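Okay, here's what each chain looks like letter by letter:
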2 protein chains.
Amino acid sequence: MADLPLILVTNDDGIFAPGIRTLVEEVKAFGRVLVVAPDKPQSAMGHAITIHSFLRLQKVELPGTVSGMTAGVEAWSCSGTPVDCVKLAIYKLLGGKRPDLLVSGVNHGSNISINVLYSGTMSAAVEGAMEGIPSIGFSLMDHGIEADFSQVRPVVRNVVANAIKQGIAAGTCLNVNIPRNQGTALKGIRVCRQAKANWEDEFETRLDPGHKEYYWLKGEFRSEDQGEDTDVWAVNNGYVSMVPVQYDMTAHHAIAQLNTWGHAIG
Amino acid sequence: MADLPLILVTNDDGIFAPGIRTLVEEVKAFGRVLVVAPDKPQSAMGHAITIHSFLRLQKVELPGTVSGMTAGVEAWSCSGTPVDCVKLAIYKLLGGKRPDLLVSGVNHGSNISINVLYSGTMSAAVEGAMEGIPSIGFSLMDHGIEADFSQVRPVVRNVVANAIKQGIAAGTCLNVNIPRNQGTALKGIRVCRQAKANWEDEFETRLDPGHKEYYWLKGEFRSEDQGEDTDVWAVNNGYVSMVPVQYDMTAHHAIAQLNTWGHAIG
């Protein structure tokens, strides 16, 4: 048992979301499972960590399924962000030992394109990569709490099996997005680049009972990138998208132009 | 006056931090200034945005200096994260109009290397880049509330003047880190790549009055990247580091290997 890979599971929708239960059920076949996930929804928390307050961990039982597939899994809920969960798992629960694999999700909602930056799900995977752990974020493009995860399961099995067998390039993790179940079979997995896209945002203004304004963010995701090598194209055409994501954010192509600036100070 | 560039200023230490006042004082010479910054410290919030709650804006007076350098500046405090501040500035206060320049900081503390991912200061600049705004994050490598910003001022003037004159490459922003004042002149500005480094973390365990454990994150930053083209090398050798940062996180070099995986599902 001790020779089986140790798989760390986290997410950003919270430890009691159906998506993480699906993920646990599928990765259980590959090794021992440690779940450390937020005690409340932490969507769109990006790479936030908790430094102005303390953190708590609480051992919990994952809600069992009919088949009892989550039995025997060690699970902890954490008061912090998804990245806090990864740090606590490694540096508190595992005493500095790295798990053999980190999987994050399955997110209830899309993390294609620039959403990789906002996503707590993906930030946990990026943190895993920074710690030298092969890491994968999975997202289902359906926000609903009752989303249908049946098409997600074989995708998780495929990607996890490949990641364990072939490894993931150092300094990178994987961003896997699965289209919403529309009753047709998925065409396969396409390796993609992150599409160029943006959020056209809007704030809905409301008045509180004391007549003071407050604002709710409402955004519309827009991609005008027509590339067939993008994640947006893939999921819009019946494929699962898989983007290798790196945490070296250096824009190497921009260095030459900046070197023409005057760099003496004063 | 309407022809002067509109400069949006934000930070992650909060609107009343000395660092943002320094930045406002320096950029005022280049145009009209709109400040939208968090109403409390938001360090290490990464690219987090507020979607499970609402946001507030409150018009404030920036604390004036002896010379009154912050007079005439429109300033708003925001209940959200640094990225929320950028979105509210554009989509609420400016009605969708993009400012001509965004500057974030001056952060009280370092944002070299992988800290670009955790940093609220830099995430605000990245958000600016995503909105097509030339954006720069400035950080002074001194956490103290009484940090000496005198060496920061000419750096801000140099970089802002260049950015206005020469522009910043689309899809990128700048991460500028200034060494702590050690009584010697800075050697100049070096264009760098993000150093390969990591945080060796630790959690300090304490007991609350009810004897329940809680944890404080304590980390140590470690860079073993010896490259003289890195930001770590630059700041350790008396230079200001300037890294062009991109929000396309695709690891293009990893795509070929992933294409060898089996991609049929099931």
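Predicted model only: the values in this text are computed from it and were never measured.

The rules behind these values
Residues numbered from 1 in each chain as written. Chains lettered and ligands numbered in written order. Predicted model: local features only at pLDDT ≥ 70, side-chain atom pairs only at ≥ 80, totals over all residues. Axes fitted to C-alpha atoms, helices over the stretch in contact; angles between N-to-C directions. Helix = DSSP H or I, 4+ residues; strand = E, 2+ residues; numbered from the N terminus. Left-handed = near helix turned anticlockwise from the far one by under 90°. Contact = placed C-beta atoms within 7 Å. Nonpolar A, V, L, I, M, F, W, Y, C, P; charged D, E, K, R; others polar. Pairing = 2+ DSSP bridges. Least-squares fit on C-alpha atoms with pLDDT ≥ 70 in both. Buried ≥ 20, exposed ≤ 12 C-beta atoms within 10 Å, placed from the backbone.

## Here we look at the packing of helix 2 (residues 82-93) of chain B against helix 4 (residues 120-130) of chain B
All names here are of chain B.
1) Next: Contact pair helix 2 / helix 4: the axes reach a minimum separation of 8 Å and the direction vectors enclose 35 degrees. As for how helix 2 packs across helix 4, the hand of that crossing is right-handed. Here helix 2 contributes P82, V83, C85 and V86 to the contact with helix 4, which in turn contributes G120, T121, S123, A124, E127 and G128.
2) Next: Of the residues in the contact of helix 2 with helix 4, the class split is five nonpolar, four polar and one charged.

## Examining the pairing of strand 9 (residues 197-207) of chain A
All names here are of chain A.
1) Next: With eleven bridges joining them, strand 9 and strand 10 (residues 213-223) adopt antiparallel strand pairing. Residue pairing across strands places A197 opposite S223, the latter belonging to strand 10.
2) Next: Between strand 9 and strand 10, which follow one another and run antiparallel, lie five residues, and H211 among them has a positive phi close to 65 degrees.

## Topic: the sheet that holds strand 4 (residues 74-78) of chain A
Residue and element names in this part refer to chain A.
1) Next: Pairing is mixed across the open sheet formed by nine strands, whose spatial order is 3-4-2-1-5-6-7-11-8. Either end of the sheet is taken by a strand with one partner, and the two such strands are strand 3 (57-60) and strand 8 (189-191). Recorded for the sheet is a direction-independent mean angle of 25 degrees between the axes of neighbouring strands.
2) Next: Note: strand 6 (residues 135-140) against strand 7 (residues 172-178), five bridges, orientation parallel. Residue pairing across strands places S139 opposite N177, the latter belonging to strand 7.
3) Next: Running at roughly 140 degrees to strand 5 (residues 101-108), helix 1 (residues 18-27) makes contact with strand 1 (6-10), strand 2 (32-38), strand 5 and strand 6 of the sheet.

## A look at the interface of chain B and chain A
1) Next: On the side of chain A, 69 residues touch chain B, which itself brings 69 residues to the contact.
2) Next: With six residues, strand 11 (residues 240-246) of chain B is the single largest residue contributor to the side of chain B that touches chain A.
3) Next: Of the residues assigned to the side of chain B that touches chain A, the class counts are 41 nonpolar, 21 polar and seven charged.

## Some points on the relation of the copies chain B and chain A
For the pair of chain copies, the relating operation is a rotation around an axis with a shift along it.
1) Next: Here chain B sits on chain A after a turn of 180 degrees about the axis and a move of 0.0 Å along it, with an RMSD of 0.0 Å. Expressed as an axis order, the relation between the two copies is that of a two-fold axis.
2) Next: Both copies contact each other with a shared surface, as 100% of the interface residues of chain B are interface residues in chain A too.

## Details of the environment of L140 of chain B
Residue and element names in this part refer to chain B.
1) Next: Within the fold, L140 resides in strand 6 (residues 135-140).
2) Next: When the 28 C-beta atoms within 10 Å are taken as the criterion, L140 is described as buried.
3) Next: For the pair L140 and Q166, spaced 26 residues apart in sequence, the C-alpha to C-alpha distance is 24 Å.
4) Next: Excluding its chain neighbours within four sequence positions, the residues that come into contact with L140 are G19, V106, N107, H108, A147, F149, V152, I178 and R180.

## Examining the sheet that holds strand 3 (residues 57-60) of chain B
Residue and element names in this part refer to chain B.
1) Next: What the nine strands build is an open sheet, ordered 3-4-2-1-5-6-7-11-8; its pairing is mixed. Where the open sheet ends on each side, the last strands, each with one partner, are strand 3 and strand 8 (189-191). Pairs of neighbouring strands in the sheet enclose a mean axial angle of 25 degrees, with direction left out of account.
2) Next: Pairing geometry for strand 2 (residues 32-38) and strand 4 (residues 74-78), over five bridges, is parallel. Residue pairing for strand 4: V35 is matched across the bridge by A75.
3) Next: Strand contacts of helix 1 (residues 18-27): strand 1 (6-10), strand 2, strand 5 (101-108) and strand 6, with the helix running at about 140 degrees to strand 5, the strand carrying the most contacts.

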